[in-house]
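Architecture at a glance
Take a look at the letters that make up each chain.
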Amino acid sequence: MKIVPTRIEEQINRVDPTRALAIGIASALTALWCGYRLIWLNYTATTLSSIGWSPVSLVFPFVLWGVIGVVAAIAAVGFLHRYAKRTETESRS
């Protein structure tokens with residue numbers, strides 16, 4: 001199953017494998033950070049609603065961190081796959 005679209009994968013394949021590893025790790029950390037932020041936003045919304053305040057103001061940050069997290073996860077998969085493909089071809093040689 002391909003997660004990364006073909007046009008983006010063509011662009012990723014132009015990147016040096018060592019640099020792809022660094023970008024992939026940074027993107028994966030960004031995706032994890034976004035997941036952490038979403039958990040805390042959910043906790044904050046639950047806490048605010050339990051004391052009678054409306055958590056509607058947290059919708060924008062929830063969508064923002066969700067989109068950033070999804071984009072970072074797709075980039076991490078693409079770049080780490082690029083690095084793994086390079087090491088796979090080297091081990092065959």
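In what follows, the structure referred to is the one given above.
All figures in this text were calculated on a predicted structure; none of them were measured in a lab.

Here we take up the packing of aromatic side chains. A complete count under the given rule lists three aromatic pairs for this structure. For the pair W40 and Y43, a centre-to-centre distance of 5.2 Å together with 85° between the ring planes defines the contact as edge-to-face. With a gap of three residues between them, W40 and Y43 both fall in helix α2 (residues 17-50), about one helical turn apart. Exposure remark for W40: the relative accessible area of 44% places this residue in the partly exposed category. The rings of W33, Y36, W40 and Y43 are connected pair by pair, giving a single aromatic cluster.

This paragraph deals with the environment of H81. Inspection of the secondary structure puts H81 in helix α3 (residues 59-92). Here H81 falls in the partly exposed class, since its relative accessible area comes to 45%. Along the primary structure H81 and T44 are separated by 37 residues, whereas in three dimensions their C-alpha atoms are 35 Å apart.

Moving on: the side chain of S27. Relative to the assigned elements, S27 resides in helix α2. Among the residues examined, S27 registers a relative accessible area of 12% and is labelled buried. The contact partners of S27, leaving out residues within four places of it in the chain, are A72, A75 and A76.

If you check α2, its first and last C-alpha atoms are 49 Å apart, about what 34 residues at 1.5 Å a residue would give, namely 50 Å. Considered for burial, the residues of α2 that qualify are P17, A20, G24, S27, A31, C34, L41, A45 and L48. One or two steps after α2, the chain reaches G52, where phi turns positive at roughly 100°.

In terms of nonpolar packing, the biggest core is built from six residues, these being C34, L41, A45, L48, L58 and W65. It is α2 that provides the largest number of residues to this core, a total of four residues. The contacts of L41, once residues within four sequence positions are left out, are L58, P61, F62 and W65. Among the nonpolar cores identified, the runner-up in size contains five residues, and V4, V15, A20 and F79 belong to it.

Attention now moves to a nonpolar patch on the surface. A surface patch of nonpolar side chains, amounting to about 440 Å² of accessible area, comprises V56, V59, V63, V67 and V71. With respect to the secondary-structure elements, V63 resides in helix α3. Of the residues examined, V63 reaches a relative accessible area of 47% and is grouped as partly exposed.

The rules behind each value
Residues numbered from 1 in each chain as written. Predicted model: local features only at pLDDT ≥ 70, side-chain atom pairs only at ≥ 80, totals over all residues. Heavy atoms only, no water. Phe/Tyr/Trp six-rings, centres within 6.5 Å; stacked < 30°, edge-to-face > 60°. Helix = DSSP H or I, 4+ residues; strand = E, 2+ residues; numbered from the N terminus. Buried < 20%, exposed > 50% of the residue type's maximum accessible area, 1.4 Å probe, protein only. Contact = heavy atoms within 4.5 Å. Expected span 1.5 Å × (residues − 1). Core = buried A, V, L, I, M, F, W, Y, C linked by side-chain atoms within 4.5 Å. Patch = residues over 30% accessible without salt bridge, like charges linked within 9 Å, V, L, I, M, F, W, Y side chains within 5 Å. Areas by Shrake-Rupley, 256 points an atom, 1.4 Å probe, with all protein chains shown as cover. Salt bridge = Lys/Arg side-chain N within 4 Å of Asp/Glu carboxyl O.

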